[in-house]
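Remarks on the overall topology
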Amino acid sequence: MAQKAMPWADMLKYSAEQKLLAKQIYLVLSKPVNGLDHVLEVADEHIDYQRDLERRGIMFAAGPLATIDEQHWEGEGAFVYRADSLAAAKTIADADPMHSKGARKYEIRLWLLNEGNLGIEVLLSQNTAHIK
């Protein structure tokens, strides 16, 4: 009989053995509860909250999700938090105006960031930074 799931501890061990980053972070998938209108009503407060998380070093990444056909935005978003636990990640998500004001509901998943590439280019003469 095939094993249906690997214990998370085994995944952590495997990642370490492979010399992968093995950074545990939290992925939040946020979906509208009652359509786009309520999401738009809360959007400015939500962006202010996201910017505060970014300044505090909690927000790793965030942004809207396009429809599957890549033609529209229906109010969905995804966020990646640096948090010490699922409870801490839930506290952060609950405080987001999108969720606290009922515009969206969310699902949180623990994510093991193993691979990727991050580069930053700073052009001093133009006071800008670009992520590659």
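Below you will find a few notes about this structure. Being a predicted model, the structure only gives us computed values, none of them experimental.

It is worth spelling out the layout of surface pockets at this point. In this model, the second largest pocket occupies a volume close to 240 Å³. Looking at the second largest pocket, it is lined by 17 residues, and the ones nearest its centre are His46, Ile47, Gln50, Gly63 and Pro64. Among the elements of the structure, α2 (36–55), β2 (59–66) and β3 (73–81) are those that each provide at least two residues to the lining of the second largest pocket. Broken down by element, the residue count for the lining of the second largest pocket peaks at six residues, all from α2. Across the lining of the second largest pocket, the residue classes break down as nine nonpolar, four polar and four charged.

Let's shift gears to helix α3 (residues 86–95). Since the α-helix packs 3.6 residues into each turn, any two residues three or four apart lie on the same face. All of the buried residues in α3 are Ala89, Ile92 and Ala93. Viewed end-on, α3 has its buried residues packed into an arc of 95°, placing them on one side of the element. Exposed and oriented more than 90 degrees from the buried face of α3 are Ala87 and Thr91. Where α3 is buried, its residues meet β1 (23–32), α2, β3, α4 (97–100) and β4 (104–113).

All right, on to the nonpolar core then. If you look at the biggest cluster of nonpolar residues, it comprises 13 residues, and the most contacted ones within it are Leu53, Tyr81, Ala89, Ile92 and Ile108. Mapped by element, the contributors of at least two residues to this core are β1, α2, β3 and α3. Per-element tally for this core: the top contributor is α3, with three residues. Sequence-distant contacts of Tyr81, defined by excluding residues within four places in its chain, comprise Ile25, Tyr26, Val28, Leu53, Ile58, Met59, Ala89, Ile92, Ala93 and Asp96. Residues Val39, Val42, Met98 and Ala103 belong to the second largest nonpolar core, which totals five residues.

Further remarks concern the packing of aromatic side chains. Using the criterion set out here, one finds one aromatic pair in the structure. For the ring pair Phe79 and Tyr81, a centre distance of 6.3 Å and an interplane angle of 15° mean the geometry is stacked. Here the two residues Phe79 and Tyr81 agree in accessibility, since each one is buried.

What follows deals with the environment of Leu53. With respect to the helices and strands, the residue Leu53 is situated in helix α2. In the structure, Leu53 is positioned 29 residues away from Arg82 in sequence and 9.7 Å away in space, judged by C-alpha atoms. Ignoring sequence-local partners within four residues, the contact set of Leu53 consists of Ile58, Met59, Tyr81 and Ile92.

Moving on: a nonpolar patch on the surface. Side chains of Leu118, Ile120 and Val122 sit close together on the surface and give an oily, nonpolar patch of about 330 Å² of accessible area. For Val122, the position within the fold is in strand β5 (residues 120–123).

Cut-offs used in this document
- Within every chain, residues take consecutive numbers counted from 1 along the sequence as written.
- Side-chain atom pairs in this predicted model are given and counted only at pLDDT of 80 or more, local residue features only at pLDDT of at least 70, and totals for whole chains, interfaces and linings cover all residues.
- Note that water and hydrogens are dropped before the side-chain values are worked out from all heavy atoms of the structure.
- The pocket and cavity definitions rest on a 1 Å grid over protein atoms only: a 1.4 Å probe that fits but cannot leave marks a cavity, an open set with protein on both sides within 12 Å along at least five of seven lines marks a pocket, and residues lining either have an atom within 4 Å of a point.
- Grid points are joined across faces, edges and corners, and a volume is the space filled by probe spheres set on the points.
- Strands here are runs of E lasting at least two residues and helices are runs of H or I lasting at least four, both read from the DSSP assignment and numbered beginning at the N terminus.
- Under the grouping applied here, Gly and all other residues not named as nonpolar or charged are polar, the nonpolar ones being Ala, Val, Leu, Ile, Met, Phe, Trp, Tyr, Cys and Pro and the charged ones Asp, Glu, Lys and Arg.
- When accessible area is computed with a 1.4 Å probe and restricted to protein chains, residues below 20% of their type maximum are described as buried, those above 50% as exposed, and intermediate ones as partly exposed.
- The directions considered for the arc run from the helix axis to the C-beta atoms.
- Working rule for contacts: check all heavy atoms of both residues, and any pair within 4.5 Å makes them a contact.
- Side-chain atoms within 4.5 Å link the members of a nonpolar core, which is a set of buried Ala, Val, Leu, Ile, Met, Phe, Trp, Tyr and Cys residues.
- In summary, the pairing rule links any two rings of Phe, Tyr or Trp, Trp by its six-membered ring, whose centres are within 6.5 Å, and it sorts them by plane angle into stacked for under 30 degrees, edge-to-face for over 60 and tilted for everything else.
- Only residues whose relative accessible area exceeds 30% and that form no salt bridge enter a patch; like-charged residues are grouped when within 9 Å of one another, and nonpolar side chains (Val, Leu, Ile, Met, Phe, Trp, Tyr) when within 5 Å.
- Each accessible area is a Shrake-Rupley estimate made with a 1.4 Å probe; only the visible protein chains count as cover when residues are assessed.
- When a carboxyl oxygen of Asp or Glu lies within 4 Å of a side-chain nitrogen of Lys or Arg, that pair is called a salt bridge.

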